Amino acid sequence: STRPSTGEHLPLHVDGMSTTAVRQRSGGTMKKAPPAKPDDVLLRVANWLRDPKSSGVTTREAVQYERRVEYFKGTKMVDALLSDKYRAHRGFPVVKNRDGAVALANRLMGAQFFHRSQRIFISSRRWELEMHQGPFEEDGLYTWMHEGSKTRLYVLCGLTLAGALLLCMVQIWPIWMKIGLWWCSVTFLTTFSALCIVRLLLFCVMFIIGFRGIWLFPNLFDDNQTFAGSFMPIMGKAEPVVVADEYDSDDDELRRIRKKKKDDGDSSADGDDSAAADSGNKKRRADEDPAFQFGLINIAFLGVIGVIACWNMGFFDGENVPDFVAKHDDLTYYFPTIAPPENTTAPKLDADGNPIEGAEEEADPFAAPTEEDVRF
């Protein structure tokens, strides 16, 4: 019988799993590559699911136990585990149907990559997340405990450190960068300060005439809102307005529909309620992007108004740039109008630098009058 050469790979079937074995001449022993640990496999799956661009499991931000977290809906994870992108990864557990996807999600939740959560309403419009015990279900909400790949975190930390060092070296910046930073700072401070003052004055006026609790940009100082959501709506109550989307629980919609049907005296099956809830969610999802863009439009509008106001008030003029930003002599290069007038009383010189004899000196229009110029 012939023997395979050193390092030849032979298929080996151990405990129902296909592995790779390598036979070596020394001692005639058989060495096999250790299979991947279950935790390593789940970790790779969790890292893939944690990336919304790769897996499609998009998340939303919320407050849970006084800290900001990211949560997702169970249907998003099940759809991702059944997608073609998941099947394209080698080494991932095989998922054939939705029951298999739910079983794999339970394994991930048991490994503490995420935990189940539920919404707790503090008021009629404000809610927070709270941990909830129970198995994985498609219609549930889940909070990520796994941070995912550290590469993005390390890059952001490096950029933050570089930005801090760059701010510390502001004295060696080019003058155009110093002036640009000054203009941006003045525009932001002026616009935001004026917005706060106008907001307070409008609240006082509304309070006097009887519209109590009406604010300009009521979500401006709400920590639960996004950057664009802080500028929506333009006028409204002080309570935060929650923009409903696909991650909203169906419980509130079902409760509203059932209450309406109860008032009308119509009792229907739960299936009809679910269908109506799904249609309401789809309608809200269609309005999500326009609402977000509406907030960005408000921000852009306020920024344009701030720039125009600062320009008219002369904040962008060269003489209003303070000395700690740029020296006056350096500003004359970018703002020639603030440079002192040239000396017109100096004698005229020829090409060799010698004064020209007989050349009449031009009179200084700003000089004091002499006795010869005084007429009686």
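Our subject is the structure listed above.
Definitions and limits used
Residues numbered from 1 in each chain as written. Predicted model: local features only at pLDDT ≥ 70, side-chain atom pairs only at ≥ 80, totals over all residues. Heavy atoms only, no water. Salt bridge = Lys/Arg side-chain N within 4 Å of Asp/Glu carboxyl O. Buried < 20%, exposed > 50% of the residue type's maximum accessible area, 1.4 Å probe, protein only. Helix = DSSP H or I, 4+ residues; strand = E, 2+ residues; numbered from the N terminus. Core = buried A, V, L, I, M, F, W, Y, C linked by side-chain atoms within 4.5 Å. Contact = heavy atoms within 4.5 Å.

The subject of this paragraph is the pattern of salt bridges. Counted by the stated rule, this structure contains 6 salt bridges. Notably, a salt bridge pairs Glu 61 with Arg 68, separated by 3.6 Å at the nearest N-O pair. Relative accessible area serves as the criterion here: at 48%, Glu 61 is assigned to the partly exposed category. Where Arg 98 meets Asp 79, a salt bridge forms, and the shortest distance between an N and an O atom there is 3.3 Å. With Arg 98 in helix α5 (residues 98-110) and Asp 79 in helix α3 (residues 74-81), this pair connects stretches of sequence that are 19 residues apart. A relative accessible area of 34% means that Arg 98 is categorised as partly exposed. A single network of salt bridges, built from pairs that share partners, joins Asp 79, Arg 98 and Glu 138.

Membership of the largest hydrophobic core comes to 26 residues, with the highest contact counts inside it found for Leu 49, Met 77, Leu 81, Tyr 86, Leu 108, Phe 114 and Phe 136. Among the secondary structure elements, those contributing two or more residues to this core are α1 (38-50), α3, α5 and β8 (141-144). Per-element accounting of this core gives the leading share, 6 residues, to α5. Those residues in contact with Met 77 that lie beyond four places of it in its chain are Leu 49, Val 57, Phe 72, Ala 105, Leu 108, Phe 114, Phe 136 and Trp 144. Counting residues in hydrophobic clusters, the runner-up holds 8 residues, among them Ile 179, Val 321, Val 325 and Leu 331.

Here we take up unusual backbone geometry. Cis geometry marks the peptide bond from Met 232 to Pro 233; its omega dihedral reads -15°. Looking at the secondary structure, you find Pro 233 in the loop between β9 (214-216) and β10 (235-237). Positive phi values are uncommon outside glycine, yet Tyr 65 reaches one of about 55°. Here Tyr 65 shows up in the loop between β4 (60-64) and β5 (67-73). In this structure, Phe 217 is a non-glycine residue whose phi angle is positive, near 55°.

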